[in-house]
Amino acid sequence: MTQYETLLAADELARAARFRFDHHREQYIAGRGMLRELLGRYLDQSPEAIKFSYSEYDKPFLPQGELQFNLAHSGGLVLYAFCLDEAVGVDVEVERELEDALQISERFFSPAERAVLQSLPQEARIPAFFRCWSRKEAFIKAVGEGLSYPLADFDVTLAPNEPARLLSIRGSNEEARRWSLLSLDLPRGYH
């Protein structure tokens, strides 16, 4: 048993047990254990005493509701976000070769995002793909609907050197301005 397993609730341990591969199970346990430690510091509670509730889309939240949080992990990097009284979502993706990036973009990116991606030189497409994907996933995690929220229903920036920004949500620029989208300085190869 790892140091983090002792912090997790029974439902978290049951979820960890369902992972097929050991490294995924270990990532989940460590990620949730560290989340509990961080939340414990914010809330001045012992990590194992923290109680989560879950949305209909399985997003964890604190029943008292003031402190919002989210986490993501990829390639050995874990990223946490915390915010008072505002929805927050975060994603991190390790860049890797994807032979079918354009086909994936056809299925999940908006027409405007696909046009930008296809207009880029070949060597810029994979980084742009992962910038777009991580920005889109962070937004849907903040909204709290997960992948049930259609990824093609909103536009984000993805071109090199273009600041992270939501451009439109379901065709509304006004709705997009209600949200902030930030890009973090991460180790090379992460978005």
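Our structure is the block above this text.
What you see is a predicted model, and the numbers here were worked out from it, not measured in a lab.

Caption draft 1: Main features of the overall build of the protein. The number of helices and strands found in the protein is six helices and six strands. The order of α-helices and β-strands along the protein, N terminus first, is α-α-β-β-β-β-α-α-α-β-β-α. The globule rule puts the C-alpha radius of gyration for 191 residues at 16 Å, and the 18 Å found for the protein is close to it. Projected onto the principal axes, the alpha-carbon positions of the protein cover approximately 50 × 35 × 30 Å. In the protein, which comprises 191 residues, the proportion classed as buried is 41%.

Caption draft 2: The packing of helix 4 (residues 111–119) against helix 5 (residues 122–143), seen in detail. For the pair helix 4 and helix 5, interaxial distance at closest approach is 9 Å and the crossing angle is 160°. Taken as axis vectors, helix 4 and helix 5 run roughly antiparallel relative to one another. Seen from above, helix 4 lies across helix 5 with right-handed handedness. Facing Glu 113, Leu 117 and Gln 118 of helix 4, the residues of helix 5 in contact are Arg 125, Ala 128, Phe 129, Cys 132 and Lys 136. By residue class, the composition of the contact of helix 4 with helix 5 is four nonpolar, one polar and three charged.

Caption draft 3: Local environment of helix 5. Between its first and last C-alpha, helix 5 extends 32 Å over 22 residues, near the 32 Å set by a 1.5 Å rise per residue. Of all 22 residues in helix 5, 18 are buried, a share of seventy percent or more. After helix 5 finishes, the residue Gly 144 shows a positive phi value of roughly 90°.

Caption draft 4: Region of interest: the pairing of strand 4 (residues 77–84). Pairing analysis gives eight bridges linking strand 3 (residues 67–74) to strand 4, with the strands arranged antiparallel. Across the sheet, residue Ser 74 finds its bridge partner in strand 4, namely Leu 77. Here strand 3 folds back onto strand 4 in antiparallel fashion, the turn holding two residues, of which Gly 75 has a positive phi close to 55°.

Caption draft 5: Region of the structure containing the packing of helix 3 (residues 101–108) against helix 4. Where helix 3 contacts helix 4, the two axes come as close as 9 Å, and the packing angle between them is 165°. It follows from the interaxial angle that helix 3 and helix 4 lie roughly antiparallel. The element helix 3 and its partner helix 4 pack so that their crossing is left-handed. Only Arg 114, Leu 117 and Gln 118 of helix 4 make contact with helix 3, whose side of the interface consists of Leu 102, Ser 105 and Glu 106. Of the residues contributing to the contact of helix 3 with helix 4, the split by class is two nonpolar, two polar and two charged.

Caption draft 6: Representation of the environment of Asp 85 in the model. As for its position among the elements, Asp 85 is in the loop between strand 4 and helix 3. Excluding residues within four positions of it along the chain, Asp 85 makes contact with Glu 66 and Gln 68.

Caption draft 7: Geometry of the packing of aromatic side chains. Applying the stated criterion across every chain, the model contains 13 aromatic pairs. Here Phe 139 and Phe 154 contribute two aromatic rings whose centre-to-centre distance is 4.7 Å and whose plane-to-plane angle is 55°, an arrangement assigned as tilted. Here Phe 154 lies in strand 5 (residues 154–156) and Phe 139 lies in helix 5, a separation of 15 residues in the sequence. With respect to class, Phe 139 is no different from Phe 154; both count as buried. Three or more aromatic residues joined by ring pairs make a cluster, and in this case those are Phe 108, Phe 109, Phe 129, Phe 130 and Trp 133. For the cation-ring pair, Lys 136 lies above Phe 154, with the distance from its terminal atom to the ring centre recorded as 4.0 Å. In this structure, Arg 170 is placed above the aromatic ring of Tyr 149, and the distance from its NZ or CZ to the ring centre is 4.4 Å.

The rules we used
- Residues numbered from 1 in each chain as written.
- Predicted model: local features only at pLDDT ≥ 70, side-chain atom pairs only at ≥ 80, totals over all residues.
- Heavy atoms only, no water.
- Helix = DSSP H or I, 4+ residues; strand = E, 2+ residues; numbered from the N terminus.
- Rg over C-alpha atoms; globule rule 2.2 N^0.38 Å.
- Buried < 20%, exposed > 50% of the residue type's maximum accessible area, 1.4 Å probe, protein only.
- Axes fitted to C-alpha atoms, helices over the stretch in contact; angles between N-to-C directions.
- Parallel < 35°, antiparallel > 145°, perpendicular 65-115°, else oblique.
- Left-handed = near helix turned anticlockwise from the far one by under 90°.
- Contact = heavy atoms within 4.5 Å.
- Nonpolar A, V, L, I, M, F, W, Y, C, P; charged D, E, K, R; others polar.
- Expected span 1.5 Å × (residues − 1).
- Pairing = 2+ DSSP bridges.
- Phe/Tyr/Trp six-rings, centres within 6.5 Å; stacked < 30°, edge-to-face > 60°.
- Lys NZ or Arg CZ within 6 Å of the ring centre and 35° of its normal.

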